[in-house]
Amino acid sequence: MEVTRAVCLVTLVLWTSSVSVLCQQQRFRVRPSNVSVVEGDSAILRCEVHHQVGQLQWAKDGFALGYSRSLPGYSRYRMLGDPGSGVHDLEVTNVSLDDDGRFQCQVSPNRGQAAIRADALLTVLVKPKSVRASSTARSPRAGLYEVREGSQLTLKCDVTGARPAASIRWQRNGVDIELGQEDSFSGWGSPRRNDTTSVVTLQPTAADDGAGYSCVAKHPAIRPAEQRQLNSTVRLSVLYPPGAPTIEGHSEGEWVRIGEQKTLTCVSRGGNPPAEIVWYKDDQPVTFKYRTLGGRAMAQLSFTVEAADLDVIYRCQASSSMHPAPMVALAQMNVQFGPERVTVSGTSEAKGGDMVHMTCVTSGSNPPANITWVINGRTMMNTSQSRQPHPSGGWVATSNISTTVPPGMEKNMDILCYALNPKLGTTKVGSTEVTVLHPPKPPSILGYEPGTYLRAGERVSLSCVSQGGNPPATLTWYSGDVERPSPTTVEDNVARSVITFEVDHKDNGRVYKCDSQNSAGSGVQSAGITLNVYFPTSSLKLEVRPERLRAGSQAILTCESRPSYPAADLTWWRDNAQVTDGVTALETFPAGSHGGSSSRVQLRKNLTWSDDGAVYQCRAAVTVLSGRLQEEITLEVTYAPTFFKSLYTEDIRVGESRLINLTARANPGDTTYRWYRVSPIDAARIMPEGPLLNISKVVKKDAGWYYLEAANAEGNTSVRVNINVQYAPEILSVSEVSLVSPGDDGVLECAADANPSTADMITWHRAGFNLSSNRSKMFYSNGTSYLTLYNVTKEDIGEFQCRANNAIGEASTIARLLVKHAPEMDTSPQFRAAAAAPGGTAHLTCRARGAPNVTFEWRRDDSAVTPSANSDKYRMRYSQVDLVTWQSVLEIKDVQASDYATYGCVAHNELSSRRQELVLGRPSSPDPPTGLKVVNVSHDTATLSWSAGFDGGMPQMYTVRYKTSSGGEFLYDDVQPENTTLFTVRDLLPSTDYSFAVMAYNELGQSGYSNTAATTKTTGDPDTAELVVLEEGRLPWIVIIVVSSVGGLLLLLNVVLVVFFIRRRMQRAKQKVVESASASEASTKSETLHMYGNETVSSVSVKSGESYTREDSVEDYDDDGSKRRYDAYLRDAPIEPPAEYTNHVRPASRADFDPDQYADALRRNSYACTIGSGVEPMSNQFSNYTTQPPRAPHFRSPQFNTPTPDLLHSSGPSGVKGSVPQLSLQSTYYPETRHYSTLPHQRPPSTKPLSSFGRLASPPPPSIPEATLEHRGHLV
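Report on the accompanying structure. Keep in mind that this is a model prediction, so the values were computed, not measured. (Residues numbered from 1 in each chain as written. Predicted model: local features only at pLDDT ≥ 70, side-chain atom pairs only at ≥ 80, totals over all residues. Heavy atoms only, no water.)

This structure, assessed with the given rule, holds 18 aromatic pairs. Both rings, one in Tyr74 and one in Tyr77, keep their centres 5.5 Å apart while their planes meet at 10°; by these two values the pair is stacked. Under the relative-accessibility criterion, Tyr77 is labelled buried at 6%. Aromatic rings pair up to connect Tyr453, Tyr534, Phe535 and Tyr565 into one cluster. Cation over ring: Arg720 sits above Trp705, and NZ or CZ is 4.4 Å from the ring centre. A cation sits over an aromatic face here: Arg766 above Phe800, 4.9 Å from the ring centre. (Phe/Tyr/Trp six-rings, centres within 6.5 Å; stacked < 30°, edge-to-face > 60°. Buried < 20%, exposed > 50% of the residue type's maximum accessible area, 1.4 Å probe, protein only. Lys NZ or Arg CZ within 6 Å of the ring centre and 35° of its normal.)

What follows is the structure, encoded as structure tokens:
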């Protein structure tokens, strides 16, 4: 029983397991389904598997895409969803036609389960590429087809490039229509694209003209926004005839009035093409202009109605290519118009009782006008009237009337004729006047009072007046018997005639008459007046006798006037001044036919040469009249040559040329001239020609009197000419040197020659000397100026300039004043010491001031030093430096150790003697400069000057050190060229305090910095510069610039030769050391001590640059000018380097330097080359010579800031502190302050390596390991 239960239980478990396995078979939860997608869109094929145990992949058209969900190689395919949940959707992006096909979702078999698969189709929809409607009909332009009304038209539409094929709908003007289209397809079933073609046939009517027929592509891939782009429209142009024309703006039988503005419009409706319209007027074309609008053709004709338009026919004619036969519309004008004018004619004049006959005629009128007569305001009845056609249209009306003038009537008859058009109601009037005749009253003359006088030239108006009369009187003027034209005017029944004229001499006593008459027949009536006129003479008659006039004879001049009223007053004038001498009394006598008189006057004149060409005027004046008449006569008098002056003076400057013209006046003018002079002349430069004297490049000897004689047929005359030659001053003499005793008066003389010469021509000048004080006086006499200086002193010594200036030129010279005084020695450093190397030549210079002349004597150890004829050991040169400064140079050749000593220079003159000691020693480094000061400062520069110390016997140069007062590192500038004591520091900060110091150096070493620092503050304004000190002896900037430029060129030349000089100097140094190392050691020490007084000398000499074994101390100066003392061998207290020279440990090598800079530095520091192995050491210890790479000025490697120490110390072979080298050399050319330091193995732990020196810091020396110190040799 238990066994059976167990078997049943096992069977149940197995059955349950098999059922569970069958229920968990892998199967599709979501099967892929077919998808349609538009090309370019994305598609998702769904695939979800339930109880997935196998691997899933997608396949396309039987090609597996792979199991990776990223589907490598298919950039647009990827699987989406959670694979753990069995979601494996396939996404295809940017679908193209290549993606169209069958896709299968496949799950591989696994764990005994079979593989499963499910297919789906991906259909790619492609919208059409193009839609085009077309036709075989004529196309005048793209998209337009032309067809006649009633004919057939076939339209075709092609839709290409769609998938599947597109369908086509036809539309008319945007509305769907059914036209029985025939559609065809191409490429159907192709896996790519399909085309669709649709054809329709139309029979257009006029209503289709302009209609648009469109074919529209229908396709599921077309989006609504794209639908408008996928259709094509064509338009129809249906040809049909236009309608018959009609005329608007006129109706049949219509009346129009003349002057009316009339517009006729001809309209033809419809038609393609539209009608062409032409307007005609009585078969004559008027206008061809027309326009089309809204399916109509229209032509307007506008005109103003005239009488000529009566019965005119206006014709409108329309035609087109579809209706060639003209179609016509007519309009006839029926014009109403009244007469334009009315004309009245007939009798114009009549007397009382006479019969008057009048006629009235109208112009054309439609209908005819009715005529009415009105005479003097009364309408006349029973008048006759007739009508007849007018040639231009309408009717002409005519009427006649006769009437009698009432007796005694004086007023004129007014006759009016009225013409009335009965249709228009318009009236025209014609009028005339019949004159009723009667005589006027007698005339009268106005405008002149009888018995008064008029003046000739006066303008007068005479009026003739006659009252009454009909017609008014006609007035006529007569001057004597001659009629004068003048119009007659009538105003207020008064006739007037005016004549206006200027009266003249002919009007004196003349009668002016006025006649009056009219057509009344009563005869002529007259009035007259007689004029009285003052008038001047019209001309003058001048006469002179005798006919030939000569100077010294008498001439008679006669003046006679033409008639005048009253008689003229005659006067004679010359040069606008009245002449009375020799004038006779005035004579008058009647003359002429107009009541005038003539006058006569004579002038008797004794002639001289000045009367030749004289103009005499005769002036005539009438007292009662303004103005005058004048005539003139010119005299021609013969005379001998005459000059304006008998003496002439010509001022001419030396070197100038002058043309002198002394033309004489003479008549006749054929004058001959002769120049002469008592003394000879230079014919090459002085050339007479007629009245001209041409003097070229005048010289002094041309001065003097010249004579000119002129002659003609009447006689001769002479004149003198003084040539005054002017020239610039010339110094004749001067007191070159005046020697006086102190307290006496000094007199300087200066004589000068000049023309012109004045008392203030000569002046005296001396810069800085007050010549206007009471200690000086200037006096001038006879071309010599005297300058007296009272109570002279030694300070008055100097040069006085004598300057002569006469405005033509200037000359100057120098007069020298010397005041006696004993010699005064120049104690400058260069005159108290000298230096020369053994075997070289020494130059000891002694300079003294004194007057009279200073002589020199050289001594050594109380013995005179004199040149010897047997030896050229000594040589002396004597020279004068300036006015009172004298100099002697003692030259010592082949200097030996014994020549190093103290020499005495004794200066003598007649007043006293002075002695000065000069020490001759070996070349050494220079003394510090003195007197440092700031002479100019700007916002970024400061100019320094100083006095040079002793140069150590060699050319010296300088280095300027400076820094700001706020601290920081020192900066350095090298001064170029050598021996320059004026320098400008640049690139400073504005408004900043600076302190400056200067140091001198030569090839053997350097001095300390100047004892006293100079301080200043730069300005803040870049445009200002403050002048601190202005020294009279300061060098001009141009000199500094030129010297600096020359120095730079020389420096470049030195670089080229540097290798040669270095080697030569090294060889000489070796030889000299070998020769003098043992022989001159003791003497060198003593001489050096003697040379520098109380200064102590250390084992490393600051002055000589050589080493000594004694352990004396050396003095040097710190940055602040105070002295500091160093232990000779640096045993006890190694000197700490300044803080700014720390933190730099990188060694340098020769490779760090530019080759040219390296060579230049070697040249400057050639003295630092150590002695070779030929030198015997002074002890048994092994001597080590260490040095450093030469420093390159103006170079600073950007990689290093560590300076090279100025002095390197060496230790013994064991490196024990305190061992003393027997011989060491130092490198002494460095612009910075000398620094002393121990070697690295000698420094205490707290000692820091040296650091930057500032602007001109040089690279550090190579580090020297302690183990190699004993094996280092000298540097070559």
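As paired strands, strand β71 (residues 776-781) and strand β72 (residues 784-789) are joined by six bridges and run antiparallel to one another. Bridge assignment links Phe779 to a residue of β72, and that residue is Tyr786. If you look at the hairpin formed by β71 and β72, you'll find two residues sitting between the two strands, and Asn782 has a positive phi there, around 50°. (Pairing = 2+ DSSP bridges. Helix = DSSP H or I, 4+ residues; strand = E, 2+ residues; numbered from the N terminus.)

It is worth spelling out the state of the cysteines at this point. Summed over all chains, the structure comprises eight disulfides. The partner cysteine of Cys266 in its disulfide is Cys316, sulfur to sulfur 1.5 Å. Taking the torsion about the S-S bond as the criterion, the Cys266 to Cys316 disulfide, at about -55°, is left-handed. Here the residue Cys266 occupies a position in strand β23 (residues 261-269), and Cys316 occupies one in strand β28 (residues 313-320), the gap between them amounting to 50 residues. Considered together, Cys266 and Cys316 belong to a single accessibility category, that of buried residues. Cys559 shares a disulfide with Cys618; S-S distance 1.9 Å. Residues Cys559 and Cys618 are joined through a disulfide that is left-handed, its torsion about the S-S bond being -80°. With Cys559 in strand β52 (residues 554-561) and Cys618 in strand β57 (residues 615-621), the pair connects residues that are 59 residues apart, well separated along the chain. On the accessibility criterion, Cys559 (0% relative accessible area) is buried. Since its relative accessible area comes to 0%, Cys618 is described here as buried. (Disulfide = S-S within 2.5 Å.)

For soluble globular proteins, nonpolar side chains are generally found buried alongside one another. In terms of nonpolar packing, the biggest core is built from 25 residues, with Leu56, Trp58 and Leu90 touching the most fellow members. Looking at this core, the elements that each hand over two or more residues are β2 (35-38), β3 (43-45), β5 (56-60), β7 (77-80), β8 (89-92), β9 (101-107) and β10 (116-125). No other element matches β10, which puts four residues into this core. (Core = buried A, V, L, I, M, F, W, Y, C linked by side-chain atoms within 4.5 Å.)

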